[in-house]
Amino acid sequence: MSCKHLIDLNDFAVEDWKSIVSLAVKIRQSPADYQESCRGKLLATLFYEPSTRTRMSFQAAMLRLGGQVIGFDNPQNTSISKGESVKDTIRIVSGYVDLIAARSPLEGFARAASLYAGCPVINAGDGGHLHPTQTLTDLVTLQEEKGRLDHLVVGLCGDLKNGRTVHSLIKALGQFAGNRFILISTKELTLPDYLKHYITARGGQFEEIPRLEDAMPALDVLYMTRIQRERFNSPEEYARQKNIYVLDDKKMKLARPSLRVLHPLPRVDEIDLKVDNDPRAIYFDQAVYGMYARMSLILHLLNNPHPKEVPLGREYPGVRCANPNCIAGREPYLPQTFHKTESDLIACDYCDEQVYLGEEGK
Amino acid sequence: MSCKHLIDLNDFAVEDWKSIVSLAVKIRQSPADYQESCRGKLLATLFYEPSTRTRMSFQAAMLRLGGQVIGFDNPQNTSISKGESVKDTIRIVSGYVDLIAARSPLEGFARAASLYAGCPVINAGDGGHLHPTQTLTDLVTLQEEKGRLDHLVVGLCGDLKNGRTVHSLIKALGQFAGNRFILISTKELTLPDYLKHYITARGGQFEEIPRLEDAMPALDVLYMTRIQRERFNSPEEYARQKNIYVLDDKKMKLARPSLRVLHPLPRVDEIDLKVDNDPRAIYFDQAVYGMYARMSLILHLLNNPHPKEVPLGREYPGVRCANPNCIAGREPYLPQTFHKTESDLIACDYCDEQVYLGEEGK
Amino acid sequence: MSCKHLIDLNDFAVEDWKSIVSLAVKIRQSPADYQESCRGKLLATLFYEPSTRTRMSFQAAMLRLGGQVIGFDNPQNTSISKGESVKDTIRIVSGYVDLIAARSPLEGFARAASLYAGCPVINAGDGGHLHPTQTLTDLVTLQEEKGRLDHLVVGLCGDLKNGRTVHSLIKALGQFAGNRFILISTKELTLPDYLKHYITARGGQFEEIPRLEDAMPALDVLYMTRIQRERFNSPEEYARQKNIYVLDDKKMKLARPSLRVLHPLPRVDEIDLKVDNDPRAIYFDQAVYGMYARMSLILHLLNNPHPKEVPLGREYPGVRCANPNCIAGREPYLPQTFHKTESDLIACDYCDEQVYLGEEGK
């Protein structure tokens, strides 16, 4: 692994991703071979906001490797929430355990935690920022179900503007050759430009198709996500458009037999329940692949021969991250550092929010 | 086992019950022999309402078999409660684990869960409907303490009209020869007629004795339960009658040395604390037997050679269950099916509430 | 061990303390040797108030010994809180497990629990009364970091009047020869007289030095604690005095290279964050030593060759403990007994609150 922690999938090399995916496939084939791999090891699941499904997936992963789990999932009721700094909590807990999986509503939380942890830290979701084990889950699912991560026609449907999982998946699949993205959303919820550039800069292709129905025939993979009602311009527009983005049996009829439908779950009503019976609907299997993805990740991090910290960028005098949901604004002892982006701007090391410096600031 | 899941004790054959009771006795005699029986297996305790005692009993049971446990006990604070269907939750969780124990305030919850689970489901209590592992606990207790499940004189004291555990125990013991039930309650809280018929139809006997004192001398077993204050017609009547149904040392003096006093716990004030010191009071041992009962049940379900689903009944066009606390009314995708009762009526497959069809409906 | 339970460190002989400390050191040196020591054993962590750090420390300790853990940490949401007596809860739970660690806001809770438990009980904190595993943690820390528990110059800084951990540590270190205590606090928050007598009665020495700065040069050990803002006479006095009791780099410069700084954690602002980088600041290591202290304690209690109950004192007709936070006032079935103190008064067996009997009461 190129890094001690998994905060952002991009901290790892693509070779690392492949290695994680490939071990996940192996574990699923013969789980009994790995049943004692983590005997004597302890994982802490520190969940500063409830996320029962993700937490259970991590717990099941560690326990199925023969390890053990401690943690909390309800910090409102715990002493942890009462004023102790993240630094102190993490230093103490990392003295008890071998590995931490941290989830928080604050963006950059896991990065901040990794600065003080004596053990590897996994980002189990930091606000709307990153959720790298979901993306690993998606990669394992594609490898298992399609046999490859390249040369796929991938439909992405829903709120492409704000969807964290969609952005991460594009960044990941964009690293593999020959992938073509079909972007299916309302005009208001299209993919941000920087991600379109990201795709084409790496030789990938994309196409925007506003109606799911029209996109179906071409797809190898359909990644469904939810469009929240509030994202539409008006209730009338919601009423008019919502069915365009709901997957049902009728639309499934237009697709290839080899299509696979993914969804990060939970779903609300963007997939009709009848679709569950279609063998091409694999979102429940995807959740199980997620457990194997996490088992593989845990093994990689616990057996990392060259654990390296992610280097922080540098401070810019007087400049602080303006994101109100960023950990940097909440924990004053954190070094407020920034890194350069692809477009030569600077972005917060914790939450990746960009800062526009005036001329003198550069 | 005649069934993959334990939703209702009656889904199992009486032979199955005997097998579970007999293995529970064996495990208690030599727990070390079973200490590794579930190595590598995972139980999920999904508790949609808190029930600390039952949850700890299941957890202790699984851990003492060498297995592991994940789950939640506080869904108000979890994402699970926020709109995800039972179907989706159960499909995901049953991908992580080998066995589910589910508790819910909704009647029929466990049956609904079993329709979508890829693994066996145990009903750990569904509202006021069923609590089959309590009844297994009671059977193991009687086997251990009385050496048999038949030819017992069993006093049942308290709210016999509404008491879920009392009804289940009668249904269970009614299957064994020669049991005689002494029913001890106020006039308003007598056993429902259908259970009296149930007893006599199987060759059992019952007798109604309104005062606990008068019943004591004849009993092999006394099963105490609570009468809630609200169940009395008036505060005056409560004040007048309550002591009749409180077990104390004075009443214990009237009973045989071989009497055994059971209680499903928690008790409030229906058993005087001084009775705890009487060796015939075995309700705390009963709780421990419950752990062994659950250990045995877990082993039976995980090693079930012929797991069969409980068949659903059929739909009746336009007919829906009227029980506001039934899962069928909350989760619209559930098939609303009904089965025939002994008295040739139809009853909801989830909560067993009877429906009275008009002539045309039949 | 001189006692079956650990309620109050003074229930154990000093030889027992030494044995616990010495095994803790051994386990830390070769944890793998103890990885299976508790295989098949079950610990219940019954936390009637949240204390995430202590709970995780107990859980990590038991899991690292190969044992398992059940329990609760949030009783407001559990059925346990709804009216069941401590007696009943403890009798049931001790039927499931081999060991109980109990925490409660009520003073004397663990003692009360121990009266009904079929297994050893560890006091994991009972209100402002006792927290013996914190003191064991402190002793292990001193043994590891200073190589001895005697002939130490120990500075104690903060609220010495009300600080539970400070009082316990003095009682413990007072048993070892040649310890000298430097008491650093405001005039209002000095150590209670009975503890000063305790020190000198055992041949120890103490000195009161009002400014931390002045005390620094002489210290082998500095035990920092928090002074709550409310403890000062006025906001003005708080503003004037608070920095005197804040440890910072400047004050650290005055101390010996061999100084060790301890803190029971969580800290608020009584230690400047920059001090964390000083190798003499070992409060985070102290938390880890706490895990080893608990591992050692667990092994001692589970392998206790002569488990003895702590004897209760006697009842005094008409006399009840007046402490409103004492368990004795909440659970009416508890025997209200008292023991003689060193100064020949009587004190409640649960919370140690002294009772002043009139002449006729003696």
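One structure accompanies this document, and this report is about it. Here the structure is a predicted model, which is why all the values come from computation and not from measurement. (Residues numbered from 1 in each chain as written. Chains lettered and ligands numbered in written order. Predicted model: local features only at pLDDT ≥ 70, side-chain atom pairs only at ≥ 80, totals over all residues. Heavy atoms only, no water.)

## Considerations on the overall build of chain A
- Within chain A, the secondary structure is distributed over eleven helices and twelve strands.
- Taken over the C-alpha trace, chain A has a radius of gyration of 21 Å; the compact-globule value for 362 residues is 21 Å, and the two agree within 12%.
- Projected onto the principal axes, the alpha-carbon positions of chain A cover approximately 60 × 55 × 40 Å.
- The buried share of chain A, reckoned over its 362 residues, is 61%.
- Look at the contacts in chain A between residues 6 or more apart in sequence, and 69% of them connect residues 24 or more apart.
- When the accessible surface of chain A is totalled, it reaches about 14200 Å², and 48% of it is carbon and sulfur.
- Positive and negative side-chain charges in chain A, numbering 44 and 46 respectively, have mean positions lying 2 Å apart. (Helix = DSSP H or I, 4+ residues; strand = E, 2+ residues; numbered from the N terminus. Rg over C-alpha atoms; globule rule 2.2 N^0.38 Å. Buried < 20%, exposed > 50% of the residue type's maximum accessible area, 1.4 Å probe, protein only. Contact = heavy atoms within 4.5 Å. Areas by Shrake-Rupley, 256 points an atom, 1.4 Å probe, with all protein chains shown as cover. Lys, Arg positive; Asp, Glu negative; His and termini not counted. Charge placed at Lys NZ, Arg CZ, Asp CG, Glu CD.)

## Concerning the interface of chain A and chain C
- The partner chain C presents 28 residues to the 26 residues of chain A that form the contact.
- Summing both partners gives a buried area of about 2300 Å² for chain A against chain C, and 55% of it is carried by carbon and sulfur.
- There are four salt bridges connecting chain A and chain C.
- There are eight residue pairs in polar contact (both at pLDDT 80 or more) connecting chain A and chain C.
- For the side of chain A that touches chain C, the secondary structure elements donating two or more residues are β1 (42-47), β2 (68-72) and α3 (86-96) of chain A.
- The element contributing the most residues to the side of chain A that touches chain C is α3 of chain A, with seven residues.
- Counted by class, the side of chain A that touches chain C contains twelve nonpolar, eight polar and six charged residues. (Buried area = accessible area lost by both parts, 1.4 Å probe. Salt bridge = Lys/Arg side-chain N within 4 Å of Asp/Glu carboxyl O. Polar contact = N/O pair within 3.5 Å; in protein donor to acceptor, adjacent residues only side chain to side chain. Nonpolar A, V, L, I, M, F, W, Y, C, P; charged D, E, K, R; others polar.)

## Side note on the relation of the copies chain A and chain B
- Of the transformation superimposing chain A on chain B, the axial component is 0.0 Å and the angular component is 120 degrees, with the fit at an RMSD of 0.0 Å. Taken together, the turn and the small shift mark the pair as related by a three-fold rotation axis.
- The share of interface residues of chain A whose copies in chain B are also at the interface is only 14%, consistent with the copies meeting through different surfaces. (Least-squares fit on C-alpha atoms with pLDDT ≥ 70 in both.)

## Overview of the sheet that holds strand β12 (residues 354-355) of chain A
Residues and elements named next belong to chain A.
- Here we have three strands laid out as an open sheet, ordered β10-β11-β12, and antiparallel in their pairing. The strands lining the two open edges of the sheet, one partner per strand, are β10 (338-340) and β12.
- Direction of pairing for β10 relative to strand β11 (residues 346-348): antiparallel, over a ladder of three bridges. What sits directly across from K340, in β11, is I346. (Pairing = 2+ DSSP bridges.)

## Thoughts on the relation of the copies chain A and chain C
- Take chain A, turn it by 120 degrees, move it 0.0 Å along the axis, and it overlays chain C with an RMSD of 0.0 Å.
- Counting the interface residues of chain A, we find that no more than 15% of their copies in chain C are interface residues as well, pointing to two distinct contact surfaces.

## Things to note about the sheet that holds strand β6 (residues 180-184) of chain A
Residue and element names in this part refer to chain A.
- With parallel pairing, the five strands of this open sheet are ordered in space as β7-β6-β5-β8-β9. Since the sheet does not close on itself, it has two edges, and those belong to β7 (205-208) and β9 (260-262), each with one partner. Each strand of the sheet is rotated relative to its neighbour by a mean of 20 degrees, with strand direction disregarded.
- By the bridge criterion, five bridges tie strand β5 (residues 153-157) to β6 in an arrangement that is parallel. Among the inter-strand pairings, V153 is bridged to a residue of β6, identified as R180.
- Sheet contacts for helix α7 (residues 193-201): β6 and β7; angle to β7, the most-contacted strand, approximately 140 degrees. (Axes fitted to C-alpha atoms, helices over the stretch in contact; angles between N-to-C directions.)

## Focus on the side chain of T54 of chain B
Residues and elements named next belong to chain B.
- Mapped onto the elements of the fold, T54 is located in helix α2 (residues 52-64).
- Classification of T54 as buried rests on a relative accessible area of 11%.
- A polar side-chain atom of T54 sits 3.2 Å from a polar atom in the side chain of S51.

## Structural notes on the nonpolar core
- Ranked by internal contacts, the top residues of the largest apolar core, which has 128 residues, are L156, L222 and L247 of chain B together with I100 of chain C.
- Looking at this core element by element, the count peaks at 13 residues for helix α11 (residues 283-302) of chain B.
- Apart from the residues lying within four places of it in its own chain, the contact partners of L222 of chain B are G155, C157, I184, L212, M216, L247, L259, R260, V261 and L262 of chain B. (Core = buried A, V, L, I, M, F, W, Y, C linked by side-chain atoms within 4.5 Å.)

## Quick look at helix α7 (residues 193-201) of chain B
Residue and element names in this part refer to chain B.
- Within the span of α7, buried status applies to L195, K196, Y198 and I199. Down the axis of α7, the buried set is contained in an arc of 155 degrees. They therefore lie on one face. In α7, the exposed positions that point more than 90 degrees away from the buried face belong to D193, H197 and A201.
- Where the residues of α7 are buried, they touch α6 (164-173), β6 (180-184) and β7 (205-208).
- Taken from the residues just after α7, G203 is the one with a positive phi, measuring 85 degrees. (Arc of directions from axis to C-beta.)

## Re the packing of aromatic side chains
- One pass over the full model with this rule turns up 18 aromatic pairs over all chains.
- Judged by centre distance (6.0 Å) and plane angle (80 degrees), the rings of Y316 of chain A and F338 of chain A are edge-to-face. Taken together, the residues Y316 of chain A in the loop between α11 (283-302) and β10 and F338 of chain A in strand β10 connect sequence positions 22 residues apart. Here the two residues Y316 of chain A and F338 of chain A agree in accessibility, since each one is buried.
- With 4.8 Å between their ring centres and 50 degrees between their planes, Y48 of chain C and F109 of chain C make a pair best called tilted. Of this pair, Y48 of chain C sits in the loop between β1 (42-47) and α2 (52-64) while F109 of chain C sits in helix α4 (residues 109-114), placing them 61 residues apart in sequence.
- Judged by its relative accessible area of 19%, Y48 of chain C falls in the buried class. (Phe/Tyr/Trp six-rings, centres within 6.5 Å; stacked < 30°, edge-to-face > 60°.)

## Description of the pattern of salt bridges
- Under the definition given, this model contains 60 salt bridges over all chains.
- Here E15 of chain A ties to K18 of chain A by a salt bridge, and the two come within 3.5 Å at their closest N and O atoms. With E15 of chain A and K18 of chain A both in helix α1 (residues 14-29) and three residues apart, this pair spans about one turn of that helix.
- Residue classification places E15 of chain A among the exposed positions, given a relative accessible area of 52%.
- On the basis of relative accessible area, K18 of chain A is assigned to the partly exposed category, the value being 38%.
- One salt bridge connects R55 of chain B with D73 of chain B, and the closest N-O pair in it is separated by 3.2 Å. With R55 of chain B in helix α2 and D73 of chain B in the loop between β2 (68-72) and α3 (86-96), this residue pair connects regions lying 18 residues apart in the sequence.
- Given the relative accessible area of 7%, R55 of chain B is considered buried.
- A cluster of three or more residues bridged by salt bridges with shared partners is formed by K87 and D88 of chain A together with R267 and D276 of chain C.

Read these as spatial facts, not as claims about activity.
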